[in-house]
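Summary of structural features
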Amino acid sequence: MSTSTVTLFGHWICPFSVRVEFALAQRGIDYTVVDVPPRAVRPKGFVVPEEFIAHSPKLEVPMVKIDGEYLADSIPILEWLEEKFSDSSLLPTDDAGQAIVRERVEWLNKYVYRPMIGVYYGTDPALIQESSAAFMKAMETVDQWLQTSPWLAGETPSLAEAIMAGVYTRLDGLRQLGLTGELPASVQQHLERCTQLAGWQKVEWSVDQTTDFVGRFLKFREIQNSSKN
Ligand SMILES: N[C@@H](CCC(=O)N[C@@H](CS)C(=O)NCC(=O)O)C(=O)O
């Protein structure tokens, strides 16, 4: 086991932080979390750690510190963890398998995250519906992947599961904010398999967290829509 000291500067409401925390916990890496609420959810008077200001170039979470070195941005962090810790990797051993995982990570980052964010940041019902439809369309591709393997890219959980963890944690919230349509059965079953993973225990949202998330975005909609009128 490694003796490195790992600190995650993150926040539960950030799906990019969830990716990283899921990977850390799933891999059994010891870590501590320093909560850095993104601006939109930052309590008045919250003091952002100097260390975070100095080392997160865009002032975004997640940022990770390993033995005095820093890196921000979730996908590079996931790769960095792969480099730094050889135990319980979330990448297959063969190059071809690794290439598929990386391709799917990028695909999910683009075709699932964009519409997902479109749903919760949406203020116009027609555009929310459009994002919802694009999200469900992306799920059709995920369904195809799951026809040939139990996990998103192969026979074991991978970095692709870390990316989806950021989506699955907020699925109930997304529904309350306008996501419609049924997940394909294979995706629903995949979600259920993910909830059995060690990483999930650390990132799962409580009902209160879902309510907090939904409440914040309903309020955001209200403010945006009232300033339009
Ligand atoms: N590309 C980045 C995106 C990270 C990101 O957008 N983080 C948001 C929170 S979810 C953030 O910290 N924004 C700055 C702020 O709102 O204060 C990643 O993958 O890590």
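Quantities reported herein were computed from a predicted structural model and do not represent experimental measurements.

Our next topic: the domain arrangement of the protein. When its domains are assigned, the protein resolves into domain 1 (6–84) and domain 2 (95–222). Each of domain 1 and domain 2 was reduced to a C-alpha centroid, and the two centroids are 20 Å apart. At the interface, 19 residues of domain 1 touch 27 residues of domain 2. Taking both sides of the interface into account, the surface hidden between domain 1 and domain 2 amounts to around 2000 Å²; carbon and sulfur atoms contribute 69%. Among the residues of domain 1 in contact with domain 2, W12, R19 and F22 are the three that bury the most area, contributing 34% of the side total.

Moving on, we come to the packing of aromatic side chains. Applying the stated rule across the entire model yields 13 aromatic pairs. Between W107 and W145, the aromatic rings sit 5.3 Å apart at their centres with planes inclined by 70°, giving edge-to-face as the arrangement. Pair noted here: W107 is in helix α4 (residues 95–111) and W145 is in helix α6 (residues 125–148), with a separation of 38 residues, a long-range link. In this structure W107 comes out as partly exposed when scored by relative accessible area, which is 23%. Both rings, one in W205 and one in F213, keep their centres 5.1 Å apart while their planes meet at 65°; by these two values the pair is edge-to-face. With a relative accessible area of 9%, W205 lands in the buried category. One aromatic cluster is present, formed by W12, Y120, Y121, W205, F213, F217 and F220 through successive ring pairs. Taking the ring centre of Y113 as reference, the NZ or CZ of R19 above it sits at 4.1 Å. Across the ring face of F213, the terminal group of R170 is positioned such that the distance to the ring centre comes to 5.0 Å.

It is worth spelling out the sheet that holds strand β2 (residues 32–35) at this point. Ordered in space as β2-β1-β3-β4, the four strands form an open sheet in which the pairing is mixed. Every other strand in the sheet has two partners, leaving β2 and β4 (69–72) as the edge strands with one partner each. Averaged over all pairs of adjacent strands, the angle between strand axes in this sheet comes to 20°, irrespective of strand direction. Across four bridges, strand β3 (residues 63–66) lies against β4 in antiparallel orientation. Within β4, the position partnered with V64 by the bridge is L71. With respect to the sheet, helix α1 (residues 15–26) is in contact with β1 (6–10), β2 and β3, its orientation differing from that of β1 by roughly 155°. Here helix α3 (residues 74–84) sits on the sheet and contacts β3 and β4; the angle it forms with β4, its principal contact strand, is near 145°.

Definitions and cut-offs
Residues numbered from 1 in each chain as written. Predicted model: local features only at pLDDT ≥ 70, side-chain atom pairs only at ≥ 80, totals over all residues. Heavy atoms only, no water. Domains from an automatic or database assignment. Contact = heavy atoms within 4.5 Å. Buried area = accessible area lost by both parts, 1.4 Å probe. Phe/Tyr/Trp six-rings, centres within 6.5 Å; stacked < 30°, edge-to-face > 60°. Helix = DSSP H or I, 4+ residues; strand = E, 2+ residues; numbered from the N terminus. Buried < 20%, exposed > 50% of the residue type's maximum accessible area, 1.4 Å probe, protein only. Lys NZ or Arg CZ within 6 Å of the ring centre and 35° of its normal. Pairing = 2+ DSSP bridges. Axes fitted to C-alpha atoms, helices over the stretch in contact; angles between N-to-C directions.

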